[in-house]
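# Summary of the model geometry
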Amino acid sequence: MPRAERREQILDAATRAFARTGFAATGLDDVAAEAGVTHVILYRHFASKSDLYRAVLDRACTRLAEIVGTDDYDEDSVAALLRAAAADPDGFRLLFRHAAREPEFGDVIDSIRSASTEIAARHLAEAIPDSPWRTWAAQLVPTLTLEAVMMWLDTGQPEPGQAADRIRRAIQGVIRAAQ
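Cut-offs and rules
Numbers given for residues are sequential positions, taken from 1 along each chain in its written order. Predicted model: local features are reported for residues with pLDDT of at least 70 only, side-chain atom pairs are reported and counted for 80 or more only, and whole-chain, interface and lining totals are derived from all residues. Calculated side-chain values reflect all of the structure's heavy atoms, with hydrogen atoms and water omitted. Only DSSP runs of H or I reaching four residues or more are called helices, and only runs of E reaching two or more are called strands; each is numbered from the N terminus. The buried label goes to any residue with under 20% of its type's maximum accessible area, the exposed label to any with over 50%, and the partly exposed label to all in between, with areas taken from a 1.4 Å probe on protein chains only. To get an axis, a line is fitted to the C-alpha atoms, and for a helix only the part in contact is used. The angle between two axes follows their N-to-C directions and goes from 0 to 180 degrees. Our angle categories are set so that under 35 degrees counts as roughly parallel, over 145 as roughly antiparallel, 65 to 115 as roughly perpendicular, and the remainder as oblique. Here a crossing is taken to be left-handed if its near helix is turned anticlockwise relative to the far helix by less than a right angle, and right-handed if that turn runs clockwise. Pairs of residues are marked as contacts when any of their non-hydrogen atoms sit within 4.5 Å. Under the grouping applied here, Gly and all other residues not named as nonpolar or charged are polar, the nonpolar ones being Ala, Val, Leu, Ile, Met, Phe, Trp, Tyr, Cys and Pro and the charged ones Asp, Glu, Lys and Arg. Pairing of aromatic side chains here covers Phe, Tyr and the six-membered ring of Trp, requires ring centres within 6.5 Å, and sorts the geometry by plane angle: under 30 degrees stacked, over 60 edge-to-face, intermediate tilted. The rule for a salt bridge is simple: a side-chain nitrogen of Lys or Arg has to be within 4 Å of a carboxyl oxygen of Asp or Glu. Think of a patch as exposed residues, more than 30% relative accessible area, with no salt bridge, where like charges cluster within 9 Å and nonpolar side chains (Val, Leu, Ile, Met, Phe, Trp, Tyr) cluster within 5 Å. Only the protein chains shown count as cover for residues, and all accessible areas are computed by the Shrake-Rupley method using a 1.4 Å probe. In this tally, Lys and Arg are treated as positive and Asp and Glu as negative; His is ignored, and so are the chain termini. Each charge is placed at NZ for Lys, CZ for Arg, CG for Asp and CD for Glu. Helix span, as expected, comes to 1.5 Å for every residue beyond the first. Taken from the helix axis, the directions to the C-beta atoms give the arc we talk about.

Now for unusual backbone geometry. Most peptide bonds adopt trans geometry, and most residues besides glycine take a negative phi value. Backbone geometry places Q157, a non-glycine residue, at a positive phi of 60°. Summarising the element assignment, Q157 is placed in the loop between α8 (132-154) and α9 (160-178). Given the relative accessible area of 28%, Q157 is considered partly exposed. Unlike most non-glycine residues, E159 shows phi in positive territory, near 40°. Structurally, E159 can be placed in the loop between α8 and α9. A relative accessible area of 43% means that E159 is categorised as partly exposed.

Close contact between helix α7 (residues 106-124) and α8 brings their axes to 8 Å; oriented N to C, the two are set at 125°. Judged on the interaxial angle alone, α8 and α7 are oblique. Handedness of the α7/α8 crossing: right-handed. In this structure, α7 uses R113, S116, T117, A120, A121 and L124 to contact α8, whose residues at the interface are R134, A137, A138, Q139, P142, T143 and L146. Within the contact of α7 with α8, the residues separate by chemical class into 7 nonpolar, 4 polar and 2 charged.

Now for the packing of aromatic side chains. Here the structure, examined in full by the defined rule, presents 7 aromatic pairs. Both rings, one in F23 and one in Y53, keep their centres 4.9 Å apart while their planes meet at 50°; by these two values the pair is tilted. Of this pair, F23 sits in helix α1 (residues 3-25) while Y53 sits in helix α4 (residues 49-68), and the two are 30 residues apart along the sequence. One exposure class covers both F23 and Y53, and it is buried. Judged by centre distance (4.6 Å) and plane angle (65°), the rings of Y53 and F105 are edge-to-face. Residue Y53 is found in helix α4, and its partner F105 is found in the loop between α6 (89-98) and α7; the two are separated by 52 residues along the sequence. For F105, a relative accessible area of 1% corresponds to the buried category.

Glancing now at the pattern of salt bridges. A complete count under the given rule lists 12 salt bridges for this structure. The partner of R16 in a salt bridge is E34, and the shortest N-O contact between them spans 2.7 Å. Taken together, the positions of R16 in helix α1 and E34 in helix α2 (residues 28-35) put the pair 18 residues apart, joining distant regions of the chain. Measuring nitrogen to oxygen at the nearest pair gives 3.2 Å for the salt bridge that ties E159 to R166.

For the rest of this paragraph, the subject is a negative patch on the surface. A contiguous patch of negative charge, built from D71, D72, D74 and E75, is present on the exposed surface. Here E75 shows up in the loop between α4 and α5 (77-87).

Helical periodicity: at 3.6 residues per turn, an α-helix aligns residues three or four positions apart in one direction. For α7, built from 19 residues, the straight-helix expectation of 27 Å at 1.5 Å per residue is met to within 8% by its first-to-last C-alpha distance of 26 Å. If you check which residues of α7 are buried, you get G106, V108, I109, I112, I119, A120 and L124. The arc that holds the buried residues of α7, viewed along the axis, is 165°, so those residues lie on one side. For α7, the elements touching its buried residues are α4, α6, α8 and α9.

Function cannot be read off these values alone, since they describe shape.
The structure is reproduced here in structure tokens:
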């Protein structure tokens, strides 16, 4: 198998394995078995379990950014986030459930949360006067949105055509509360 294809195969398998039990509880034996390769093959592509996990997280971030974007919030943002989660549920769970609990990889989720809060603050500036309540809403909206998408995944992705609207209504509730 060509090197690039093998690497993608390993990343796919590692994403599935890590999504089941997280970084600490997943061994390279688990990843190798999931990928159907030996440890030797794993080490040809990744120097360590940490390097492999970081590569999995980086790939999930790239996929998320390609679908959702990184600069602004608009009417399609929630629907795009749902599409990204549905396209790569294991990667989404790794980013927002597992990596958030792993101190060694907290920088990944911290950068996403920071960027999301900045985007929310810019968006909310039109609706909420500058106050601690705008700061509160700017931090709560991304958290609420990510948790809503995560619960949508966990409950079997019900009513995909209506999910974005339901999440946007919850966001509007936060905005009204902050006003």
